[in-house]
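A closer look at the structure
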Amino acid sequence: MSFSLFKKAPSLSFVFDIRDTFVSLAATRFDIDKKPEIILCQKFELKYQDSKDHKKYLASMLRTLDKAIVSVRKDLVKIGNKENIGKYYFFIGSPWSVSQTKTIKIIKDRPFEINNTLLSKIIIGEEFAIEKYIEEQTLEPNWKVLEEKIIQSKINGYKVDNIFGKKASNLAIELFVSFIPFEIKDKMISYIDERIGRNIKRQNNSCILSSYSFFRDLYSNKNDFIYVDIGKLITDLYVVRDDIIFGIASFPFGEENIIKTSLEKTNLSRDIFMSHINIGQDKKFDLVSHNNGEDLLVTGFSLWTAEFKKTLSQICTEMNIPNNMFVITNTVISSMLVKELSNIGKNISFEMMGSKIEISSVGEEIMNNFALNSKAFVNEPYIKMNLVFLDKLFKQQ
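Let me sum up the structure you'll find in this document. (Residues numbered from 1 in each chain as written. Predicted model: local features only at pLDDT ≥ 70, side-chain atom pairs only at ≥ 80, totals over all residues. Heavy atoms only, no water.)

Focus on the overall build of the protein
Secondary structure summary: the protein contains 10 helices and 15 strands in total. Whereas a compact globule of 397 residues would reach a radius of gyration of roughly 21 Å, the protein reaches 22 Å, a difference of no more than 12%. Over its C-alpha atoms, taken along the principal directions, the protein stretches across nearly 70 × 55 × 45 Å. Taking all 397 residues of the protein together, the buried fraction comes to 52%. If you take every contact in the protein between residues at least 6 apart in sequence, the share linking residues at least 24 apart comes to 71%. Summed over all atoms, the accessible surface of the protein reaches about 19,500 Å², with 49% contributed by carbon and sulfur. Side-chain charges of the protein comprise 54 positive and 50 negative groups, with the mean position of each set lying 5 Å from the other. (Helix = DSSP H or I, 4+ residues; strand = E, 2+ residues; numbered from the N terminus. Rg over C-alpha atoms; globule rule 2.2 N^0.38 Å. Buried < 20%, exposed > 50% of the residue type's maximum accessible area, 1.4 Å probe, protein only. Contact = heavy atoms within 4.5 Å. Areas by Shrake-Rupley, 256 points an atom, 1.4 Å probe, with all protein chains shown as cover. Lys, Arg positive; Asp, Glu negative; His and termini not counted. Charge placed at Lys NZ, Arg CZ, Asp CG, Glu CD.)

This is the structure in structure tokens:
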């Protein structure tokens, strides 16, 4: 995977983060001697958010992408910034892309040289196998590679950063690959060519890899952990063991499902229900509905927890489940869910498969330390992780 887009390019970049119900766009400046600087950042909600109607859902995402580009360009002019946008980085998350990891091992009696020809042959074969597996699981044909990266390599049992040109009799590679359906990739490329231009420099990345890179650097003393991101429609998670992504999964139960399933247990309108939730977060409201005495969100939290445990059990066993879990908390619901899972005030630990798991919330304030002007743009944790990831690559050039 090449990151040559950083070389000899104009100073401003557009960084996109495309999720289940929104598109965020940041106009950013990268500098070799400074932190990345956010010039402008905006979030745009998808008007249509029902993934069951694939065509309408995709069309809504593309319209939102168009709106984001037009709006941010206009607002840059309004603040007096007339710099050219020379680079476009697209970070694509669920449900638009699917990621997998694969351990590749080559063991031979005699030492062999590690070169591009060998690795290309191995990786292409593994990508084909992963693609077929995804097609079987999703019933969606014709997936294309979005991103590929070797995230760890070992020669004769020892970690090595640069393996090219070296000889080994025992090679182990941890391969990370993201795929995107051809239809989505084709329509995105066609749109971008039309709106931005065919010759503009652009690069596609997965959201998972940027978060993995961010958390590995932030918590360098944690070699094993669970990452959880609760979206509006989808919850994404992955497990890191011995510094590498051990497994990746998602399930279609997010904040909207938590709210809907909990609301059904009350006779409150949605507006009143949500006002109680917000009061509970801000003023320590007791979270008790007025009609039946049940906690307002207990039903949704219980259903989410059941789905989470079911999904996690497909990745981990009792022997390899990490005892640390990091949850992105950028909303009222996600913050309250962490408190519920942590059993704060109840002296009870969150357990799964007989193991106690320590849950930590990761808020946006942590990410603000890594980008200039970051505090001016709230509720944008994903964009900020993406910027840290890109800045790290930029400074490695």
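Notes on the pairing of strand S8 (residues 167-181)
Taken across its 15 residues, S8 has 12 buried, putting it largely inside the fold. Of the pairings in the sheet, the one linking strand S5 (residues 98-113) to S8 comprises 12 bridges and is antiparallel in character. Residue pairing across strands places Thr101 opposite Phe176, the latter belonging to S8. (Pairing = 2+ DSSP bridges.)

Topic: the pairing of strand S2 (residues 22-29)
Among the eight residues of S2, seven are classified as buried, and the element is accordingly described as predominantly covered. Bridge analysis of strand S1 (residues 12-18) against S2 gives seven bridges, and the strand direction is antiparallel. Looking at the pairing, Leu12 lines up with Arg29 of S2. The turn linking S1 back onto S2 is made up of three residues. Where S2 and strand S3 (residues 37-45) come together, eight bridges link them in antiparallel fashion. Its bridge partner being in S3, Ala26 is matched across the sheet by Cys41.

Some thoughts on helix H10 (residues 381-396)
An ideal rise of 1.5 Å per residue puts 22 Å on 16 residues; H10 measures up with 23 Å between its terminal C-alpha atoms. With 13 of 16 residues buried, H10 is to be regarded as a mostly interior element. (Expected span 1.5 Å × (residues − 1).)

Considerations on the sheet that holds strand S4 (residues 85-92)
As a general point, the strands of a sheet are linked pairwise by backbone hydrogen bonds and lie either parallel or antiparallel. Spatial ordering of the open sheet is given by S3-S2-S1-S4-S9, a layout of five strands whose pairing is mixed. Edge positions in the sheet fall to S3 and strand S9 (201-206), since each has one partner strand and no second. Within the sheet, the average angular offset between the axes of one strand and its neighbour, ignoring direction, is 15 degrees. Here S1 pairs with S4 via seven bridges, running parallel. Its bridge partner lying in S4, Phe16 is registered against Phe90. Running at roughly 75 degrees to S9, helix H4 (residues 207-218) makes contact with S1, S4 and S9 of the sheet. Contacts from H10 reach S1, S2, S3, S4 and S9, with the element oriented near 130 degrees to S1. (Axes fitted to C-alpha atoms, helices over the stretch in contact; angles between N-to-C directions.)

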